[in-house]
Amino acid sequence: MADQINSLEELKGAVSDDIAGVQGESAAEAAREPVRDELGRSYATGKRKDAVARVWIKPGSGKVTVNGKEMNAYFARPVLQMILRQPFEVAGVEDQFDVMATVKGGGLSGQAGAVKHGISQALQLYDPSLRASLKAAGFLTRDSRVVERKKYGRRKARRSFQFSKR
């Protein structure tokens, strides 16, 4: 341990010295370093509803592969394809990364949301300077909404049986 800080003024001075050491960047961004494997890829896990997506991104031409199929074949609806492109558009890196994703569980909508979350997480790990724009758009936050469980004595989660007077 170097110096012991005994007052708020000393603490304020120590923090301002640390911040002054970082030029032009915030202290959080300066501490973040790119996370890549030996093949130059970044990996992240995305989740939405019951779907879990494992996503690898690497520099490339913008090809997206989900469970071994092209994005257009796996997610046939244009809305789902648009959801997958959103992180790249917000970060301003369209057609610069190839995506390889495996996704399990849930339906197509939940799977598209999971892949989007995974792409966003992997992008910010690959290039920490993209974190601010992705976070501002809300893509780094896992959407925690899930289906409510069925309750005992009811037909569904909230629907009750039809009332009969006689």
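Residues numbered from 1 in each chain as written. Predicted model: local features only at pLDDT ≥ 70, side-chain atom pairs only at ≥ 80, totals over all residues. Heavy atoms only, no water.

1. A closer look at the packing of aromatic side chains
Then comes step 1: By the definition in use, this model includes three aromatic pairs.
Then comes step 2: An angle of 45° between the planes, with centres 5.0 Å apart, marks the rings of tyrosine 43 and tryptophan 56 as tilted. Of this pair, tyrosine 43 sits in strand 1 (residues 42–48) while tryptophan 56 sits in strand 2 (residues 51–59), placing them 13 residues apart in sequence.
Then comes step 3: The exposure class of tyrosine 43 is partly exposed, given its relative accessible area of 36%.
Then comes step 4: In this structure tryptophan 56 comes out as buried when scored by relative accessible area, which is 18%.
Then comes step 5: Relative to phenylalanine 75, the ring of tyrosine 74 lies with its centre 5.0 Å away and its plane at 85°, an arrangement referred to as edge-to-face.
Then comes step 6: For tyrosine 74, a relative accessible area of 18% gives the class buried.
Then comes step 7: Among the residues examined, phenylalanine 75 registers a relative accessible area of 0% and is labelled buried.
Then comes step 8: Positioned over the ring face of tyrosine 126 is arginine 36, at 3.8 Å from the centre of the ring. (Phe/Tyr/Trp six-rings, centres within 6.5 Å; stacked < 30°, edge-to-face > 60°. Helix = DSSP H or I, 4+ residues; strand = E, 2+ residues; numbered from the N terminus. Buried < 20%, exposed > 50% of the residue type's maximum accessible area, 1.4 Å probe, protein only. Lys NZ or Arg CZ within 6 Å of the ring centre and 35° of its normal.)

2. A closer look at the pairing of strand 1
Then comes step 1: Covered by surrounding structure in strand 1 are Ser42, Ala44, Gly46 and Arg48 only, the residues Tyr43, Thr45 and Lys47 on the alternate face being uncovered.
Then comes step 2: Pairing of strand 1 with strand 2, which is carried by seven bridges, proceeds in the antiparallel orientation. The partner of serine 42 across the bridge, within strand 2, is isoleucine 57.
Then comes step 3: Linkage of strand 1 to strand 2, two consecutive antiparallel strands, is achieved through a turn of two residues, within which lysine 49 is found at a positive phi near 50°. (Pairing = 2+ DSSP bridges.)

3. Description of the side chain of arginine 48
Then comes step 1: With respect to the element layout, arginine 48 can be found in strand 1.
Then comes step 2: Taking the relative accessible area as the measure of exposure, arginine 48 reaches 16% and is therefore buried.
Then comes step 3: Residues in contact with arginine 48, not counting those within four places in the same chain, are Gly110, Gly113, Ala114, Arg142, Asp143 and Arg145. (Contact = heavy atoms within 4.5 Å.)

Scope: geometric values only; no functional claims are made or implied.
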